[in-house]
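Descriptive structure summary
The chain contents come next:
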Amino acid sequence: MVSLKTIAEKCGVSTATVSKALNDQKDISEETKKRIKETAETLGYFPNAAARALKTNRSYNIGVLFEEEAGSGLTHEYFSGVLNGLKVQAEKQGYDITFINTCFENRKMSYYEHCKYRNFEGVAIVCANDFNDPGVMELMNRDLPVVTIDYVHHNCTAVSSNNIQGMEDLVKYIYEQGHRKIAYIHGQNGSYVTKERLASFLRTMDELGLTVPETYIRTAAYLETKEAARQTKELLNLQEPPTCIIYPDDTALIGGRNVIIEMGLRIPKDISVAGYDGTRMSQLLHPKLTTIRQNTELIGMEAAKRLINTIEKPRTTLVERVVIEGSLVPGQSVGKIIPKE
């Protein structure tokens, strides 16, 4: 393994000079710095992470809290995209990422205790089963830099998709296709994303002069196909069924789609459907889904940028709400009808 001493001998300088040059200290000339850095690169030198941490008291490691209650884990397309963006940007800026847990060597510890044990410089809360959980609240309220995804907390910068605009765009598109009876099966109550999307749905419907019967508003957890299927069946059995149903996400929509097919109905001729997220799978179905595509990679990358900026420039960083725009994917699952005004 190449050491500072090896580089020093090659360049004819002391190990102290090599260390200063590699750390860009000002008392070394630019010419010497350049020569030492080029030699280090040629020899294949990599700094020892443990030694660097000991010397600088910095780990260059970011903790990631990821608790996904649907059980999809890293196969969840939305969160896998966010995590990949986070990882790519963090590595680009010289940081590693490590998942947080509450158990180490059979000893229980809080999220915050695990962060201190691992000497994390900051934390990205990508997903939590319950943001009101005492352990999660402790993490957000302590002195550690934290960025949240799809959740707003007064002490942390939050990065999220523009759920309000996304739902507005989706409803207006469905309206333009002639639909006036639009139902919405939203995600679980208590979710910040649900609150934004539901409020936007109701507000947009009101702006369009449309009445939303209470029976048109249903609940099914995100990614939950069984409950989405049950709610779809109830909607279609109403005396005045909707002409279009919006689902919590593209995956939950599959449950509704299966029921529609079982009932002998056709999409979009007999009933129109729309999803949310813009997953790759949504465009493989026939007909292709009408949905809102979320820019998951950019959400993750922005989260990493903001967190690292807070770590490196704490005195000049403000708590922000960063909103990433999504985009409408028209698809083919929302049919055009003649509205009955």
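Quick notes on the side chain of Thr-204
Considering the arrangement of structural elements, one finds Thr-204 in helix 9 (residues 192-207). The class of Thr-204 is buried, set by a relative accessible area of 1%. Leaving out residues up to four positions away in the same chain, Thr-204 has contacts with Glu-168, Val-171 and Lys-172.

Thoughts on the nonpolar core
Core analysis: the largest hydrophobic core is formed by 25 residues, its most contacted members being Val-126, Ile-149 and Val-159. Elements with a minimum of two residues in this core: strand 1 (61-66), helix 5 (77-92), strand 5 (122-127), strand 6 (146-149), helix 12 (296-312) and strand 13 (321-324). Excluding residues that lie within four positions of it along the chain, Val-159 makes contacts with Val-147, Thr-148, Ile-149, Asp-150, Ile-299, Glu-302, Ala-303, Val-322 and Ile-324.

Description of the packing of helix 5 against helix 12
Closest axis-to-axis distance for the helix 5/helix 12 pair is 6 Å, and the angle between their directions is 40 degrees. Regarding the angle of helix 5 to helix 12, the classification is oblique. When the axes of helix 5 and helix 12 are compared, the crossing they make is right-handed. Listed contacts from helix 12 to Tyr-78, Gly-81, Val-82, Asn-84, Gly-85, Leu-86, Gln-89 and Ala-90 of helix 5 are Thr-296, Glu-297, Ile-299, Gly-300, Met-301, Ala-303, Ala-304, Lys-305 and Ile-308. Of the residues contributing to the contact of helix 5 with helix 12, the split by class is nine nonpolar, six polar and two charged.

A word on the confidence of the model for the protein chain
Per-residue confidence for the protein chain gives a mean pLDDT of 89; residues scoring 70 or more make up 94%. Mean pLDDT in the protein chain bottoms out at helix 4 (residues 49-56), which sits at 56, and peaks at strand 10 (residues 244-246), which reaches 98.

Some details on the sheet that holds strand 5
Sheet architecture is open: six strands sit in the order 2-1-5-6-7-13, paired in parallel fashion. Pairing within the sheet leaves two strands with one partner each, and these edge strands are strand 2 (96-99) and strand 13. Neighbour-to-neighbour, the strand axes of the sheet open up by a mean angle of 20 degrees, direction not taken into account. As judged from the four bridges shared by strand 1 and strand 2, these two strands associate in the parallel manner. Along strand 2, the bridge assignment pairs Val-64 with Phe-99. Packing against the sheet, helix 12 makes contact with strand 1, strand 5, strand 6, strand 7 (157-161) and strand 13, and its axis sits at approximately 170 degrees to strand 7.

About the cut-offs
Residues numbered from 1 in each chain as written. Predicted model: local features only at pLDDT ≥ 70, side-chain atom pairs only at ≥ 80, totals over all residues. Heavy atoms only, no water. Helix = DSSP H or I, 4+ residues; strand = E, 2+ residues; numbered from the N terminus. Buried < 20%, exposed > 50% of the residue type's maximum accessible area, 1.4 Å probe, protein only. Contact = heavy atoms within 4.5 Å. Core = buried A, V, L, I, M, F, W, Y, C linked by side-chain atoms within 4.5 Å. Axes fitted to C-alpha atoms, helices over the stretch in contact; angles between N-to-C directions. Parallel < 35°, antiparallel > 145°, perpendicular 65-115°, else oblique. Left-handed = near helix turned anticlockwise from the far one by under 90°. Nonpolar A, V, L, I, M, F, W, Y, C, P; charged D, E, K, R; others polar. pLDDT = per-residue confidence, 0-100. Pairing = 2+ DSSP bridges.

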